[in-house]
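One-letter residues, chain by chain:
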Amino acid sequence: GAPHAMTPVDADVRGTDGVMIRVRAYDARAESSRGARDASRCVVLAHANGFHGSVFAPLIAGLCAHGYACYALDFRGHGRSTSPVNGRLEWSALGEDCAAVVTALGLHGCHAFGHSCGGHALLMAEARRPGMFRSIYAFEPIFIVPQNALEAYDVSPGSPLMASTEYLVKSATRRRERFASVAEALSTYKSKPPMNALDSRALEAYVNDGGFVRDDENDNKGAQGGVKLACSVDTEVSIYRAGEGAADAFASLPRVACPVVIAKGTSFAPDDTSPIYSAVIAPALAAAVQRGKVIEFANLSHFGPMERPDDVAESVVDFISTARAAHSKL
(Lines give C-alpha, C1' and ligand atoms only; values in the text may rest on other atoms or scores of the structure.)
Protein backbone atom coordinates (compact mmCIF):
# COMPACT_ATOMS: atom_id res chain seq x y z
CA GLY A 1 0.00 0.00 0.00
CA ALA A 2 0.89 3.65 -0.28
CA PRO A 3 2.82 5.28 2.57
CA HIS A 4 0.68 6.98 5.17
CA ALA A 5 -0.19 10.56 4.26
CA MET A 6 1.73 13.21 6.14
CA THR A 7 0.09 15.01 9.02
CA PRO A 8 -2.52 17.35 7.56
CA VAL A 9 -2.71 21.07 8.25
CA ASP A 10 -6.17 22.03 9.53
CA ALA A 11 -8.10 25.01 8.20
CA ASP A 12 -11.54 26.29 9.19
CA VAL A 13 -13.74 27.79 6.49
CA ARG A 14 -16.86 29.86 7.14
CA GLY A 15 -19.87 28.45 5.33
CA THR A 16 -23.56 29.30 5.05
CA ASP A 17 -25.95 29.02 8.03
CA GLY A 18 -23.19 29.98 10.48
CA VAL A 19 -21.18 26.77 10.04
CA MET A 20 -17.42 26.48 10.40
CA ILE A 21 -16.21 23.77 8.05
CA ARG A 22 -13.06 21.90 9.02
CA VAL A 23 -10.73 21.09 6.14
CA ARG A 24 -7.64 18.90 6.42
CA ALA A 25 -5.01 19.93 3.87
CA TYR A 26 -2.52 17.19 2.94
CA ASP A 27 0.81 17.65 1.19
CA ALA A 28 1.64 21.24 0.39
CA ARG A 29 4.55 19.99 -1.75
CA ALA A 30 2.17 19.90 -4.71
CA GLU A 31 1.91 23.70 -4.51
CA SER A 32 4.38 25.52 -6.71
CA SER A 33 7.37 27.40 -5.32
CA ARG A 34 5.76 30.73 -6.20
CA GLY A 35 3.24 30.05 -3.46
CA ALA A 36 0.31 29.97 -5.90
CA ARG A 37 -1.71 26.77 -5.93
CA ASP A 38 -1.88 24.86 -9.20
CA ALA A 39 -5.53 23.83 -8.97
CA SER A 40 -5.02 21.10 -11.56
CA ARG A 41 -2.89 19.28 -8.98
CA CYS A 42 -5.40 19.71 -6.14
CA VAL A 43 -8.26 17.42 -5.10
CA VAL A 44 -11.17 18.29 -2.79
CA LEU A 45 -12.70 15.26 -1.04
CA ALA A 46 -16.26 15.01 0.31
CA HIS A 47 -17.32 12.13 2.57
CA ALA A 48 -20.51 10.12 3.08
CA ASN A 49 -23.23 10.77 5.65
CA GLY A 50 -22.15 9.88 9.18
CA PHE A 51 -18.41 9.89 8.39
CA HIS A 52 -15.87 12.75 8.12
CA GLY A 53 -12.89 13.67 5.97
CA SER A 54 -10.26 11.64 7.84
CA VAL A 55 -11.73 8.34 6.60
CA PHE A 56 -10.03 9.14 3.32
CA ALA A 57 -6.53 9.19 4.90
CA PRO A 58 -5.27 6.00 3.15
CA LEU A 59 -6.88 7.00 -0.16
CA ILE A 60 -5.31 10.46 0.16
CA ALA A 61 -1.91 8.84 0.77
CA GLY A 62 -2.26 7.26 -2.68
CA LEU A 63 -3.14 10.61 -4.29
CA CYS A 64 -0.33 12.48 -2.50
CA ALA A 65 2.15 9.82 -3.66
CA HIS A 66 1.33 10.96 -7.22
CA GLY A 67 1.94 14.62 -6.37
CA TYR A 68 -1.61 15.79 -5.64
CA ALA A 69 -2.47 18.11 -2.77
CA CYS A 70 -5.68 16.96 -1.05
CA TYR A 71 -8.29 18.91 0.90
CA ALA A 72 -10.71 16.74 2.85
CA LEU A 73 -13.69 18.56 4.35
CA ASP A 74 -16.02 17.62 7.18
CA PHE A 75 -19.62 18.42 6.27
CA ARG A 76 -21.71 20.49 8.66
CA GLY A 77 -22.64 18.48 11.75
CA HIS A 78 -19.82 15.98 11.11
CA GLY A 79 -16.30 15.49 12.47
CA ARG A 80 -14.73 18.76 13.59
CA SER A 81 -17.14 21.04 11.72
CA THR A 82 -19.90 22.85 13.59
CA SER A 83 -23.63 22.32 13.16
CA PRO A 84 -25.80 24.88 11.33
CA VAL A 85 -27.33 27.43 13.69
CA ASN A 86 -30.71 26.99 11.97
CA GLY A 87 -30.51 23.19 11.75
CA ARG A 88 -30.36 23.30 7.93
CA LEU A 89 -29.19 19.89 6.66
CA GLU A 90 -30.71 19.88 3.16
CA TRP A 91 -28.48 18.28 0.55
CA SER A 92 -28.24 21.64 -1.22
CA ALA A 93 -26.54 22.88 1.97
CA LEU A 94 -23.92 20.11 1.63
CA GLY A 95 -23.21 21.47 -1.86
CA GLU A 96 -22.78 24.91 -0.30
CA ASP A 97 -20.22 23.44 2.13
CA CYS A 98 -18.18 22.17 -0.85
CA ALA A 99 -18.43 25.51 -2.68
CA ALA A 100 -17.38 27.43 0.45
CA VAL A 101 -14.19 25.33 0.73
CA VAL A 102 -13.28 25.80 -2.94
CA THR A 103 -13.85 29.56 -2.73
CA ALA A 104 -12.10 30.15 0.61
CA LEU A 105 -9.02 28.11 -0.31
CA GLY A 106 -8.74 29.43 -3.87
CA LEU A 107 -9.23 25.99 -5.44
CA HIS A 108 -11.46 26.91 -8.40
CA GLY A 109 -10.68 24.48 -11.25
CA CYS A 110 -9.45 21.68 -8.97
CA HIS A 111 -10.50 18.02 -9.15
CA ALA A 112 -13.01 16.47 -6.76
CA PHE A 113 -13.66 13.08 -5.18
CA GLY A 114 -16.93 12.37 -3.40
CA HIS A 115 -18.55 9.38 -1.75
CA SER A 116 -22.32 8.83 -1.46
CA CYS A 117 -24.01 12.13 -0.44
CA GLY A 118 -20.56 13.73 -0.80
CA GLY A 119 -20.60 12.84 -4.50
CA HIS A 120 -24.10 14.32 -4.79
CA ALA A 121 -22.93 17.54 -3.12
CA LEU A 122 -19.94 17.97 -5.46
CA LEU A 123 -22.01 17.32 -8.60
CA MET A 124 -24.64 19.84 -7.47
CA ALA A 125 -21.98 22.44 -6.61
CA GLU A 126 -20.64 22.05 -10.16
CA ALA A 127 -24.14 22.20 -11.69
CA ARG A 128 -24.77 25.49 -9.86
CA ARG A 129 -21.39 26.99 -10.78
CA PRO A 130 -19.99 25.23 -13.86
CA GLY A 131 -16.19 25.30 -13.96
CA MET A 132 -15.74 24.96 -10.21
CA PHE A 133 -14.23 21.51 -10.79
CA ARG A 134 -11.97 20.26 -13.57
CA SER A 135 -13.19 16.71 -13.03
CA ILE A 136 -15.38 14.82 -10.52
CA TYR A 137 -14.93 11.21 -9.43
CA ALA A 138 -18.02 10.16 -7.48
CA PHE A 139 -18.28 6.76 -5.79
CA GLU A 140 -21.99 5.77 -5.65
CA PRO A 141 -23.37 9.31 -5.37
CA ILE A 142 -26.98 9.22 -4.19
CA PHE A 143 -29.71 10.81 -6.30
CA ILE A 144 -33.44 10.30 -6.59
CA VAL A 145 -33.57 8.95 -10.13
CA PRO A 146 -36.93 9.20 -11.94
CA GLN A 147 -38.51 6.01 -13.25
CA ASN A 148 -38.04 7.01 -16.92
CA ALA A 149 -34.25 7.13 -16.42
CA LEU A 150 -34.12 3.69 -14.79
CA GLU A 151 -36.01 1.32 -17.07
CA ALA A 152 -34.79 -1.95 -15.57
CA TYR A 153 -35.95 -1.24 -12.00
CA ASP A 154 -39.13 -0.25 -10.22
CA VAL A 155 -38.42 2.84 -8.11
CA SER A 156 -41.99 3.41 -6.94
CA PRO A 157 -42.44 3.84 -3.16
CA GLY A 158 -42.55 0.47 -1.42
CA SER A 159 -40.78 -1.39 -4.25
CA PRO A 160 -38.01 -3.79 -3.14
CA LEU A 161 -35.35 -1.42 -4.49
CA MET A 162 -36.65 1.53 -2.47
CA ALA A 163 -37.11 -0.64 0.63
CA SER A 164 -33.35 -1.27 0.56
CA THR A 165 -32.70 2.46 1.07
CA GLU A 166 -34.91 2.51 4.18
CA TYR A 167 -32.43 0.06 5.68
CA LEU A 168 -29.86 2.88 5.85
CA VAL A 169 -32.16 4.99 8.00
CA LYS A 170 -33.03 2.03 10.24
CA SER A 171 -29.39 1.12 10.80
CA ALA A 172 -28.56 4.77 11.56
CA THR A 173 -31.30 5.03 14.19
CA ARG A 174 -29.91 1.91 15.89
CA ARG A 175 -26.33 3.20 15.86
CA ARG A 176 -24.64 3.19 19.26
CA GLU A 177 -23.86 6.79 20.17
CA ARG A 178 -21.71 6.49 23.32
CA PHE A 179 -18.62 4.51 24.31
CA ALA A 180 -16.39 4.45 27.39
CA SER A 181 -13.38 5.42 25.23
CA VAL A 182 -12.23 5.67 21.62
CA ALA A 183 -10.38 2.38 22.18
CA GLU A 184 -13.67 0.68 23.08
CA ALA A 185 -15.32 2.20 19.99
CA LEU A 186 -12.51 0.95 17.75
CA SER A 187 -12.58 -2.61 19.10
CA THR A 188 -16.39 -2.68 18.80
CA TYR A 189 -16.26 -1.53 15.16
CA LYS A 190 -13.52 -4.04 14.33
CA SER A 191 -15.76 -6.85 15.54
CA LYS A 192 -18.87 -6.38 13.40
CA PRO A 193 -20.19 -5.27 10.01
CA PRO A 194 -20.30 -2.95 8.22
CA MET A 195 -17.34 -1.20 9.88
CA ASN A 196 -15.16 -4.32 10.14
CA ALA A 197 -14.99 -4.43 6.32
CA LEU A 198 -13.13 -1.10 6.29
CA ASP A 199 -9.37 -0.91 5.74
CA SER A 200 -7.86 -0.67 9.23
CA ARG A 201 -6.17 2.66 8.38
CA ALA A 202 -9.50 4.20 7.35
CA LEU A 203 -11.29 2.83 10.41
CA GLU A 204 -8.59 4.04 12.81
CA ALA A 205 -8.60 7.50 11.21
CA TYR A 206 -12.41 7.62 11.49
CA VAL A 207 -12.37 6.77 15.21
CA ASN A 208 -9.25 8.68 16.28
CA ASP A 209 -9.38 11.82 14.15
CA GLY A 210 -12.88 13.28 14.19
CA GLY A 211 -15.39 10.49 14.76
CA PHE A 212 -15.83 11.19 18.47
CA VAL A 213 -16.04 14.04 20.94
CA ARG A 214 -15.84 13.99 24.74
CA ASP A 215 -19.16 13.09 26.28
CA ASP A 216 -19.79 15.50 29.12
CA GLU A 217 -23.21 14.12 29.96
CA ASN A 218 -23.47 11.42 32.61
CA ASP A 219 -24.55 8.06 31.30
CA ASN A 220 -27.53 6.41 32.96
CA LYS A 221 -25.26 4.64 35.44
CA GLY A 222 -24.04 8.01 36.69
CA ALA A 223 -20.49 7.48 35.40
CA GLN A 224 -18.62 10.50 34.06
CA GLY A 225 -16.62 10.79 30.89
CA GLY A 226 -16.51 8.60 27.85
CA VAL A 227 -16.98 9.66 24.22
CA LYS A 228 -19.92 10.12 21.88
CA LEU A 229 -20.29 10.28 18.09
CA ALA A 230 -19.33 13.69 16.68
CA CYS A 231 -22.07 13.23 14.07
CA SER A 232 -25.14 12.52 16.19
CA VAL A 233 -27.67 9.88 15.21
CA ASP A 234 -30.19 12.73 14.84
CA THR A 235 -27.94 14.51 12.33
CA GLU A 236 -27.28 11.35 10.32
CA VAL A 237 -30.96 10.44 10.16
CA SER A 238 -31.94 14.04 9.30
CA ILE A 239 -29.55 13.99 6.33
CA TYR A 240 -30.97 10.68 5.05
CA ARG A 241 -34.47 12.12 5.39
CA ALA A 242 -33.41 15.37 3.69
CA GLY A 243 -32.22 13.29 0.72
CA GLU A 244 -35.86 12.43 0.07
CA GLY A 245 -36.45 16.15 -0.52
CA ALA A 246 -33.68 16.41 -3.13
CA ALA A 247 -35.83 15.01 -5.96
CA ASP A 248 -35.12 17.90 -8.34
CA ALA A 249 -31.33 17.45 -8.21
CA PHE A 250 -31.22 14.78 -10.94
CA ALA A 251 -32.71 17.22 -13.45
CA SER A 252 -29.73 19.59 -13.07
CA LEU A 253 -27.07 16.92 -13.83
CA PRO A 254 -27.04 17.81 -17.58
CA ARG A 255 -25.43 21.13 -16.57
CA VAL A 256 -22.32 19.23 -15.40
CA ALA A 257 -19.88 19.50 -18.33
CA CYS A 258 -16.56 18.46 -16.76
CA PRO A 259 -15.41 14.82 -17.09
CA VAL A 260 -17.19 12.66 -14.49
CA VAL A 261 -16.68 9.11 -13.25
CA ILE A 262 -19.59 7.45 -11.48
CA ALA A 263 -17.90 4.54 -9.68
CA LYS A 264 -19.92 1.73 -8.18
CA GLY A 265 -19.51 -1.39 -6.12
CA THR A 266 -21.46 -4.60 -6.62
CA SER A 267 -25.10 -4.23 -7.71
CA PHE A 268 -26.32 -7.06 -5.48
CA ALA A 269 -26.29 -7.71 -1.76
CA PRO A 270 -23.92 -10.64 -0.96
CA ASP A 271 -26.56 -12.83 0.72
CA ASP A 272 -29.15 -12.18 -1.83
CA THR A 273 -30.26 -11.29 -5.33
CA SER A 274 -31.82 -7.99 -4.25
CA PRO A 275 -30.32 -5.02 -6.12
CA ILE A 276 -28.58 -2.18 -4.27
CA TYR A 277 -30.05 1.22 -5.16
CA SER A 278 -26.83 3.26 -4.86
CA ALA A 279 -25.10 0.88 -7.32
CA VAL A 280 -27.82 0.30 -9.92
CA ILE A 281 -28.45 4.03 -10.50
CA ALA A 282 -24.82 4.59 -11.61
CA PRO A 283 -25.41 4.20 -15.39
CA ALA A 284 -28.35 6.64 -15.27
CA LEU A 285 -26.19 9.25 -13.51
CA ALA A 286 -23.30 8.80 -15.95
CA ALA A 287 -25.74 9.22 -18.85
CA ALA A 288 -27.29 12.36 -17.32
CA VAL A 289 -24.05 14.40 -17.12
CA GLN A 290 -22.41 15.59 -20.34
CA ARG A 291 -19.20 13.54 -20.11
CA GLY A 292 -19.81 10.65 -17.73
CA LYS A 293 -18.56 7.09 -17.53
CA VAL A 294 -19.13 4.21 -15.12
CA ILE A 295 -16.30 2.34 -13.39
CA GLU A 296 -17.30 -0.81 -11.52
CA PHE A 297 -15.53 -2.41 -8.55
CA ALA A 298 -17.42 -5.71 -8.49
CA ASN A 299 -15.78 -6.87 -5.24
CA LEU A 300 -16.61 -3.73 -3.22
CA SER A 301 -19.70 -2.51 -1.40
CA HIS A 302 -21.11 1.01 -1.03
CA PHE A 303 -18.21 1.64 1.39
CA GLY A 304 -15.62 0.87 -1.31
CA PRO A 305 -13.42 3.96 -0.86
CA MET A 306 -12.79 2.90 2.75
CA GLU A 307 -12.65 -0.87 2.03
CA ARG A 308 -9.96 -0.79 -0.69
CA PRO A 309 -8.57 2.75 -0.60
CA ASP A 310 -5.39 1.88 -2.54
CA ASP A 311 -7.37 0.42 -5.46
CA VAL A 312 -9.79 3.34 -5.53
CA ALA A 313 -6.92 5.86 -5.30
CA GLU A 314 -5.23 4.23 -8.31
CA SER A 315 -8.45 4.56 -10.32
CA VAL A 316 -8.85 8.21 -9.28
CA VAL A 317 -5.24 9.03 -10.27
CA ASP A 318 -5.73 7.39 -13.70
CA PHE A 319 -8.91 9.39 -14.29
CA ILE A 320 -7.51 12.72 -13.10
CA SER A 321 -4.35 12.42 -15.17
CA THR A 322 -6.46 11.68 -18.27
CA ALA A 323 -8.73 14.64 -17.48
CA ARG A 324 -5.70 16.92 -16.98
CA ALA A 325 -4.18 15.84 -20.30
CA ALA A 326 -7.48 16.40 -22.13
CA HIS A 327 -7.85 19.82 -20.48
CA SER A 328 -4.37 20.96 -21.51
CA LYS A 329 -5.19 20.08 -25.16
CA LEU A 330 -8.24 22.39 -25.17
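Residues numbered from 1 in each chain as written. Predicted model: local features only at pLDDT ≥ 70, side-chain atom pairs only at ≥ 80, totals over all residues. Heavy atoms only, no water.

Visitor: Give me the lowdown on the overall build of the protein, citing residues and values where you can.
Guide: Looking only at helices and strands, the protein has 11 helices and 11 strands in total. For the protein, whose C-alpha radius of gyration is 19 Å, the value lies close to the compact-globule estimate of 20 Å for 330 residues. In terms of its C-alpha atoms, the protein occupies a principal-axis envelope of roughly 65 × 50 × 40 Å. By residue count, 53% of the 330 residues in the protein fall in the buried class. Expressed as a percentage of contacts within the protein between residues at least 6 apart in sequence, the contacts between residues at least 24 apart total 72%. (Helix = DSSP H or I, 4+ residues; strand = E, 2+ residues; numbered from the N terminus. Rg over C-alpha atoms; globule rule 2.2 N^0.38 Å. Buried < 20%, exposed > 50% of the residue type's maximum accessible area, 1.4 Å probe, protein only. Contact = heavy atoms within 4.5 Å.)

Visitor: How would you explain the state of the cysteines if you had to name every residue and give the values?
Guide: As enumerated under the stated definition, the model contains zero disulfides in all. The thiol of Cys231 is unpaired, and the distance to the nearest cysteine sulfur, on Cys117, comes to 9.4 Å. (Disulfide = S-S within 2.5 Å.)

Visitor: Describe the sheet that holds strand β3 (residues 42-46), listing the residues and the values that go with them.
Guide: Taken in spatial order, the eight strands make up an open sheet running β1-β2-β4-β3-β5-β6-β10-β11, and their pairing is mixed. The open sheet has two edge strands, β1 (9-14) and β11 (291-296), and neither has a second partner. Strand-to-strand twist in this sheet, taken as the mean axis angle between neighbours without regard to direction, amounts to 20°. (Pairing = 2+ DSSP bridges. Axes fitted to C-alpha atoms, helices over the stretch in contact; angles between N-to-C directions.)

Visitor: For the pattern of salt bridges, give the residues involved together with the corresponding values.
Guide: Counted by the stated rule, this structure contains 20 salt bridges. One salt bridge connects Asp209 with Arg24, and the closest N-O pair in it is separated by 3.3 Å. Of this pair, Asp209 sits in the loop between α6 (200-208) and β8 (212-214) while Arg24 is found in strand β2 (residues 20-26), placing the two residues 185 residues apart along the sequence. Of the residues examined, Arg24 reaches a relative accessible area of 1% and is grouped as buried. Across the pair Arg80 and Asp209 runs a salt bridge whose closest N-O atoms are separated by 3.9 Å. Residue Arg80 is located in the loop between β4 (69-73) and α2 (91-104), and its partner Asp209 is located in the loop between α6 and β8; the two are separated by 129 residues in the primary sequence. (Salt bridge = Lys/Arg side-chain N within 4 Å of Asp/Glu carboxyl O.)

Visitor: Tell me what's going on with the pairing of β1, and back it up with residues and numbers.
Guide: Relative to β2, β1 runs antiparallel, the two sharing six bridges. Paired with Asp12 across the two strands is Arg22, which belongs to β2. In textbook terms, the turn of a hairpin is the stretch between consecutive antiparallel strands, and for β1 and β2 this stretch comprises five residues, one of which, Asp17, has a positive phi near 60°.

Visitor: So what's going on with helix α3 (residues 117-128)? Residues and values would help.
Guide: Between its terminal C-alpha atoms α3 stretches 16 Å, which fits the 16 Å expected from 12 residues at 1.5 Å a residue. Among the 12 residues that make up α3, 11 are buried, leaving the element largely enclosed by the rest of the structure. What α3 keeps buried is the set Cys117, Gly118, Gly119, His120, Ala121, Leu122, Leu123, Met124, Ala125, Glu126 and Ala127. Structurally, α3 contributes buried residues whose contacts are with β3, α2, β5 (110-115), β6 (133-139) and β10 (259-264). (Expected span 1.5 Å × (residues − 1).)

Visitor: Got a sec to walk through the packing of helix α1 (residues 57-64) against helix α11 (residues 309-329)? Specific residues and values, please.
Guide: When two helices pack together, their arrangement is given by the angle between their axes and by how far apart the axes lie. Remark: α1 packs on α11, axes separated minimally by 8 Å, with the N-to-C direction vectors making an angle of 40°. In terms of orientation, α1 lies oblique with respect to α11. Seen from above, α1 lies across α11 with right-handed handedness. Contact with α1, carried on its side by Pro58, Leu59, Gly62 and Leu63, involves Pro309, Asp310, Val312, Ala313, Val316 and Val317 of α11 and no other residues of that element. When grouped by side-chain class, the residues that make up the contact of α1 with α11 number eight nonpolar, one polar and one charged. (Parallel < 35°, antiparallel > 145°, perpendicular 65-115°, else oblique. Left-handed = near helix turned anticlockwise from the far one by under 90°. Nonpolar A, V, L, I, M, F, W, Y, C, P; charged D, E, K, R; others polar.)

Visitor: Residues and numbers for the sheet that holds strand β7 (residues 178-179), please.
Guide: With respect to topology, three strands assemble into an open sheet ordered β7-β9-β8, the strand pairing being antiparallel. The sheet is open, and its two edges are formed by β7 and β8, each paired on a single side. In terms of strand pairing, β8 meets strand β9 (residues 227-229) through three bridges, oriented antiparallel. The partner of Phe212 across the bridge, within β9, is Leu229.

Visitor: Before we move on, could you go through the nonpolar core and cite the residues and values that matter?
Guide: Leu123, Phe133, Ile136, Val145 and Leu253 are the most contacted members of the largest nonpolar core, which has 60 residues in total. Setting aside residues up to four positions removed in sequence, Phe133 forms contacts with Val102, Cys110, His111, Ala112, Leu122, Ala125, Glu126 and Cys258. With 44 residues, the next largest nonpolar core counts Met195, Leu198, Ala205 and Ile320 among its residues. (Core = buried A, V, L, I, M, F, W, Y, C linked by side-chain atoms within 4.5 Å.)

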